[in-house]
Structures are given as C-alpha cells and as structure tokens.
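Next come the chains, spelled out residue by residue.
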Amino acid sequence: MTDPISDFLTRIRNAVKAQHRIVEIPANNLKKEITRVLYEKGYILKYKFEDSENKQGVIKIALKYHPVTKQSAIRELKRVSSPGLRRYAGHDEIPRVLNGLGVAIVTTSKGVMTDKEARQMGVGGEVLCYVS
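Computed from a prediction, not measured in an experiment: that's the story for all the values here.

Rules behind the numbers
Residues numbered from 1 in each chain as written. Predicted model: local features only at pLDDT ≥ 70, side-chain atom pairs only at ≥ 80, totals over all residues. Heavy atoms only, no water. Helix = DSSP H or I, 4+ residues; strand = E, 2+ residues; numbered from the N terminus. Contact = heavy atoms within 4.5 Å. Areas by Shrake-Rupley, 256 points an atom, 1.4 Å probe, with all protein chains shown as cover. Lys, Arg positive; Asp, Glu negative; His and termini not counted. Charge placed at Lys NZ, Arg CZ, Asp CG, Glu CD. Salt bridge = Lys/Arg side-chain N within 4 Å of Asp/Glu carboxyl O. Buried < 20%, exposed > 50% of the residue type's maximum accessible area, 1.4 Å probe, protein only. Phe/Tyr/Trp six-rings, centres within 6.5 Å; stacked < 30°, edge-to-face > 60°. Lys NZ or Arg CZ within 6 Å of the ring centre and 35° of its normal. Pairing = 2+ DSSP bridges. Axes fitted to C-alpha atoms, helices over the stretch in contact; angles between N-to-C directions.

Colleague: Looking at this model, I keep getting lost on the overall build of the protein. Mind explaining?
Modeller: Scanning the protein for helices and strands turns up 3 helices and 8 strands. In the protein, the succession of α and β elements from N to C terminus is α-β-α-β-β-β-β-β-β-α-β. The principal-axis extents of the C-alpha atoms in the protein amount to approximately 40 × 40 × 25 Å. Partitioning the intrachain contacts of the protein with sequence separation of at least 6 by distance along the chain shows that 62% fall at a separation of at least 24. With the model as given, the accessible surface of the protein reaches about 7800 Å², and the carbon-plus-sulfur share is 48%. Looking at charge distribution, the protein has the averaged site of its 23 positive side-chain charges lying 5 Å from that of its 14 negative ones.

This is the structure we're talking about:
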C-alpha cells in the first residue's frame, strides 16, 4: 500500500455509502490521530483501538447517522495531500472548508489538528484531507 491515509479515508467513505455501523481499519499513529480529530469534531460516534497479531493493531470506528433520516454525519471526505504531491500551507494560507462549516485536517509540528486550531496556534503544515 503506497498511501495508507488515502486507504483510511476510502474505507470510511465506502462504509458510509454502504451504511455500515462499524468499520475496521489497520492502525498506525497518524490514523489514530485523524480518528481522534474526527471524534472530537463529531463526525464519528465512537472509536476503539484494539491490539491484534500485527504490531499496530486495528481501529474500530462506529459511524454516526441521523436517527430519523439515516443520513451520515460525514458527507464528503477528500484527500488533499498525496505522496506524489504534498500540499503544505502556512497558518495564514490554510484553506477553509465550506466557508468554515467543514474541517481541514492538518498535520503540524504541534501534532494533528483542525484548520481552525492551526490558525489559532499560528502553525502551518501539511493539509491531509477535507471533511464536510
């Protein structure tokens, strides 16, 4: 696998389209941090890190749906930076997603955070993905 973050986002995207309740994803530290940000911003219901026979383990994510309309909290996941073309932005150049209604996940020297947090802390970094 050449791009584990893209695989992570694609597994979530496919699970949302198939209206699954839980999705299992092979874990690494960056994926764990992205999962934490998604949980803090209310895009997923809950998550659990489980150890398995391999070194890193598995992330189990419970997806969040509206109780009446059955519509997912995640409408779109878009990968921005890729291994072939990295996208970096300074704190004043970090894009806003849906005019502030969505979230851009940025990896910085201070850790993985949202675009709003990065602007407040005054740090830039690699823009990993957009979530709306």
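So, next bit.
Colleague: Can you help me understand unusual backbone geometry in this one?
Modeller: Comment: phi is negative for the bulk of residues other than glycine, and the bulk of peptide bonds are trans. The residue glutamine 19 is not glycine, and still its phi comes out positive at about 55°. Looking at the secondary structure, you find glutamine 19 in the loop between α1 (4–17) and β1 (22–26). For lysine 70, which is not glycine, the phi torsion reads 60° and is therefore positive. For lysine 70, the location among the structural elements is in the loop between β3 (58–63) and β4 (77–79).

Colleague: Whenever I open this one, the pattern of salt bridges confuses me. Can you help?
Modeller: Opposite charge on two side chains makes pairing possible when the charged atoms of those side chains draw close. Under the counting rule described, the total for this entry stands at 9 salt bridges. The shortest N-O distance in the salt bridge between glutamate 40 and arginine 36 comes to 2.9 Å. Taken together, the residues span about one helical turn, with glutamate 40 and arginine 36 both in helix α2 (residues 29–40) at a distance of 4 residues. Glutamate 40 gets classed as partly exposed once you look at its relative accessible area, which sits at 47%. Notably, a salt bridge pairs arginine 86 with glutamate 126, separated by 3.1 Å at the nearest N-O pair. One end of the pair, arginine 86, is in the loop between β4 and β5 (88–89); the other, glutamate 126, is in strand β8 (residues 125–131), and 40 residues separate them in sequence. Under the relative-accessibility criterion, arginine 86 is labelled partly exposed at 41%.

Colleague: What's the story with the packing of aromatic side chains in this structure? I'm lost.
Modeller: Within a pair of aromatic rings, the relevant descriptors are the distance that separates the centres and the angle that separates the planes. Going through the model one piece at a time under the given rule, you end up with 2 aromatic pairs. Between the aromatic rings of tyrosine 39 and tyrosine 47, the centroid separation amounts to 5.3 Å while the plane-to-plane angle is 75°, which identifies the pairing as edge-to-face. The class for tyrosine 47 is partly exposed, based on a relative accessible area of 28%. Arranged with centres 5.2 Å apart and planes meeting at 50°, the rings of tyrosine 47 and phenylalanine 49 form a pair that is tilted. An aromatic cluster of at least three residues, connected via ring pairs, comprises Tyr39, Tyr47 and Phe49. For lysine 32, the ring lying beneath its charged end belongs to phenylalanine 49, and the centroid distance is 5.3 Å.

Colleague: It is not clear to me how the sheet that holds β1 should be interpreted in this structure. Could you clarify?
Modeller: The pairing of strands in a sheet happens through backbone hydrogen bonds and is either parallel or antiparallel. Strand order in the open sheet formed by 3 strands is β1-β3-β2, and the pairing between neighbours is antiparallel. Only two strands of the sheet have a single neighbouring strand rather than two, namely β1 and β2 (44–50). Within the sheet, the average angular offset between the axes of one strand and its neighbour, ignoring direction, is 20°. Against the sheet, α1 touches β1 and β3, its axis set at about 165° to β1. Lying over the sheet, α2 contacts β1, β2 and β3, oriented at roughly 155° with respect to β2.

Purely geometric numbers; function is a separate question.
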